[in-house]
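What the coordinates show
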Amino acid sequence: GYLNINEPLSNSTINGTVDLNKGEYGNCDNGGSWSDSYINLSTLNIGSSGYVKMGGTVNTNQLIVNGIFGGDGNDCPLDGITGNDANDASELNIITELLDINDGASISSQGGNLTGTNFFDSRGGHGGTLNISVNLLYFDGKISVDGGRHAGANLYGDGGNAGRLYLSSQENLDINGTISI
C-alpha cells in the first residue's frame, strides 16, 4: 500500500494498525516491492497500541514511538512448500529533530520469519535498511534490522540476511536500549 501525508504544520497520533506491507500475511514470496510512502508532519506519535509498517520517508519535527514503527516483512506460515520465502523488510528513512523511542517501543525493519514446518529451499526475509537522521535522540527502546528466522523450517531453510542501520545524530548519543542487527 501507499500513504502520502504532507501536513508539515499538523500533528498525528496512531493508536491502531497501518499496514503498508507489500504482501499479505500468509501469502509467502509475494514478489513486488514496497511502495515509497511519505509522511511529513510536525509531530508523529505512535501510541503504545500503534503498529505501523511502511517503506519510504518520514520527515517530522518530533517522532515519538511508544508502539512499533518500521518496515517489517510479513511471516510465511505455509507448510510443505518449495521455494517460498518470507517477505523482505523495507527501506525506511527517518528525518527528525527529536526522536524518542520509549522503553518497550521499537523501530525495526526486520525480515519476515518462516513460521510453518517442512519448508524446502526457502528462507526468512532479508532485513531492510533504516536511515535515521536526528538532532536529538532519546533511546530506551529497540532498533532492529534483523533477517527473518527459519525456526520452523526443519527440513531445509535459511534465515534472511540482516539489514543495514545508518544512524546520524547531531547531539550526544546515549544508548539505553537495544540495537539488533
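Keep in mind it's a predicted model, so treat the numbers as computed, not measured.

1. Quick word on the overall build of the chain
- A tally of helices and strands in the chain yields zero helices and 14 strands.
- Traced from its N-terminal end to its C-terminal end, the chain shows the element sequence β-β-β-β-β-β-β-β-β-β-β-β-β-β.
- Long-range contacts, defined as pairs at least 24 residues apart, comprise 70% of the intrachain contacts of the chain with a sequence gap of at least 6.
- In the form shown here, the chain has an accessible surface area of approximately 8,300 Å², with 41% of it arising from carbon and sulfur atoms.

2. Observations concerning the layout of surface pockets
- Size it by volume and the largest pocket reaches roughly 160 Å³.
- Considering the residues around the largest pocket, the lining is formed by 15 residues, among which D75, Q110, G111, G112 and N113 are closest to the centre.
- Looking at the lining of the largest pocket, its residues break down into two nonpolar, eight polar and five charged.

3. So, the sheet that holds strand β4 (residues 51-53)
- What the six strands build is an open sheet, ordered β2-β4-β6-β8-β11-β14; its pairing is parallel. Strands at the two margins of the open sheet, each flanked by one partner only, are β2 (17-19) and β14 (178-180). Neighbour-to-neighbour, the strand axes of the sheet open up by a mean angle of 10 degrees, direction not taken into account.
- With three bridges joining them, strand β8 (residues 106-108) and strand β11 (residues 142-144) adopt parallel strand pairing. Bridged to S106 within β11 is K142.

4. Re the nonpolar core
- If you look at the biggest cluster of nonpolar residues, it comprises 25 residues, and the most contacted ones within it are L44, M54, V65, F69, L99, I101 and I107.
- Contributing elements (two or more residues each) for this core: β3 (37-46), β5 (56-65), β7 (91-101) and β10 (129-139).
- No other element matches the five residues that β10 contributes to this core.

5. Regarding the sheet that holds β10
- Reading across from one edge, β1-β3-β5-β7-β10-β13 is the order of the six strands in this open sheet, with parallel pairing throughout. The open sheet has two edge strands, β1 (4-14) and β13 (164-169), and neither has a second partner. With direction set aside, neighbouring strand axes in the sheet form an average angle of 20 degrees.
- Across eight bridges, β1 lies against β3 in parallel orientation. If you follow N6 over to β3, its bridge partner there is N40.

6. Some points on a nonpolar patch on the surface
- There is a patch of nonpolar side chains on the surface, built from L173, I175, I179 and I181 and spanning about 340 Å² of accessible area.
- Along the chain, L173 falls in the loop between β13 and β14.
- Since its relative accessible area comes to 41%, L173 is described here as partly exposed.

7. Section: the environment of T43
- Within the secondary structure, T43 sits in strand β3.
- Among the residues examined, T43 registers a relative accessible area of 16% and is labelled buried.
- Taking the C-alpha atoms as reference points, T43 and N61, 18 residues apart in sequence, are found 5.9 Å from one another.

Rules of the game
- Residues numbered from 1 in each chain as written.
- Predicted model: local features only at pLDDT ≥ 70, side-chain atom pairs only at ≥ 80, totals over all residues.
- Heavy atoms only, no water.
- Helix = DSSP H or I, 4+ residues; strand = E, 2+ residues; numbered from the N terminus.
- Contact = heavy atoms within 4.5 Å.
- Areas by Shrake-Rupley, 256 points an atom, 1.4 Å probe, with all protein chains shown as cover.
- 1 Å grid on protein atoms, 1.4 Å probe; cavity = no way out; pocket = protein on both sides within 12 Å on 5 of 7 lines; lining within 4 Å.
- Points joined across faces, edges and corners; volume = space filled by probe spheres on them.
- Nonpolar A, V, L, I, M, F, W, Y, C, P; charged D, E, K, R; others polar.
- Pairing = 2+ DSSP bridges.
- Axes fitted to C-alpha atoms, helices over the stretch in contact; angles between N-to-C directions.
- Core = buried A, V, L, I, M, F, W, Y, C linked by side-chain atoms within 4.5 Å.
- Buried < 20%, exposed > 50% of the residue type's maximum accessible area, 1.4 Å probe, protein only.
- Patch = residues over 30% accessible without salt bridge, like charges linked within 9 Å, V, L, I, M, F, W, Y side chains within 5 Å.
- Salt bridge = Lys/Arg side-chain N within 4 Å of Asp/Glu carboxyl O.

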